[in-house]
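# Examination of the molecular architecture
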Amino acid sequence: MCVTWVLTAHLLLPRQALGSLCSPWAAPRVGPLPLVPAMVRISKPKTFQAYLDDCHRRYSCAHCRAHLANHDDLISKSFQGSQGRAYLFNSVVNVGCGPAEERVLLTGLHAVADIHCENCKTTLGWKYEQAFESSQKYKEGKYIIELNHMIKDNGWD
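Summarised in this report is the structure supplied together with it.

Conventions adopted
- Residues numbered from 1 in each chain as written.
- Predicted model: local features only at pLDDT ≥ 70, side-chain atom pairs only at ≥ 80, totals over all residues.
- Heavy atoms only, no water.
- Helix = DSSP H or I, 4+ residues; strand = E, 2+ residues; numbered from the N terminus.
- Contact = heavy atoms within 4.5 Å.
- Pairing = 2+ DSSP bridges.
- Patch = residues over 30% accessible without salt bridge, like charges linked within 9 Å, V, L, I, M, F, W, Y side chains within 5 Å.
- Areas by Shrake-Rupley, 256 points an atom, 1.4 Å probe, with all protein chains shown as cover.
- Salt bridge = Lys/Arg side-chain N within 4 Å of Asp/Glu carboxyl O.
- Axes fitted to C-alpha atoms, helices over the stretch in contact; angles between N-to-C directions.
- Polar contact = N/O pair within 3.5 Å; in protein donor to acceptor, adjacent residues only side chain to side chain.

### Remarks on the environment of G98
Relative to the helices and strands, G98 resides in strand β7 (residues 95-105). Put simply, G98 and D114 are 16 residues apart on the chain and 5.3 Å apart in space, counted from C-alpha to C-alpha. Aside from chain neighbours lying at most four places away, what touches G98 is A113 and D114.

### What to know about the pairing of strand β4 (residues 67-70)
For a regular strand, the rule is simple: side chains alternate between the two faces of the sheet. Where strand β3 (residues 58-61) and β4 come together, three bridges link them in antiparallel fashion. Bridging across to β4, S60 finds its partner in H67.

### Overview of a nonpolar patch on the surface
Together, V104, L109 and F132 make up a nonpolar patch on the protein surface, roughly 270 Å² of accessible area in all. Tracing the backbone through its elements, the reader meets F132 in the loop between β9 (123-131) and β10 (143-146).

### Digging into the sheet that holds strand β11 (residues 150-153)
Taken together, the three strands give an open sheet; going across it, the order is β4-β3-β11, and neighbouring strands pair in antiparallel fashion. Sheet topology places β4 and β11 at the edges, where each strand pairs with a single neighbour. The mean angle between the axes of side-by-side strands here comes to 30 degrees, regardless of whether they run parallel or antiparallel. In this sheet, β11 lies alongside β3 in antiparallel orientation, the contact comprising four bridges. If you follow S60 over to β11, its bridge partner there is I151.

### Considering the side chain of H67
If you trace the backbone, H67 turns up in strand β4. Here the side chain of H67 touches R58 through a polar contact of 3.3 Å, side chain to side chain.

### Quick word on the pairing of β7
Relative to strand β8 (residues 108-117), β7 is paired through nine bridges, and the arrangement is antiparallel. Bridge pairing in β8 links V95 to C117. Hairpin connection of β7 to β8: two residues between the antiparallel strands.

Listed below in structure tokens is the structure:
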């Protein structure tokens, strides 16, 4: 027997369980809806604070697919994060910032703030708040995202 499943606000239910909710011609259902095992519960849909344009190549969070940055905002691919290679971006979206703290990085002392995905809360990298050496001032206000926390999304043929 083939069963059609219908997504309601919080449950995935077989169509016959919904009775008149699925079709105006079906007989009205009497009694409560049957319970469905917890493994088929559907969580709320993911909504991001910002969506990047579909016609551009972009980078997304590897853990929840939230949009993070457009390829056009990529400044450099030759950075080192705490867990491997990282990219430097001019701007990002769907990212939250922690408090700034001074850290000695490979290129000297910087004031940086850890950044995390606003959707799944995974730490992605950091934001350069202040560079103390004149040769590093170009990094101020820019973002580092580690490669193991992002994927290429949309238009990477």
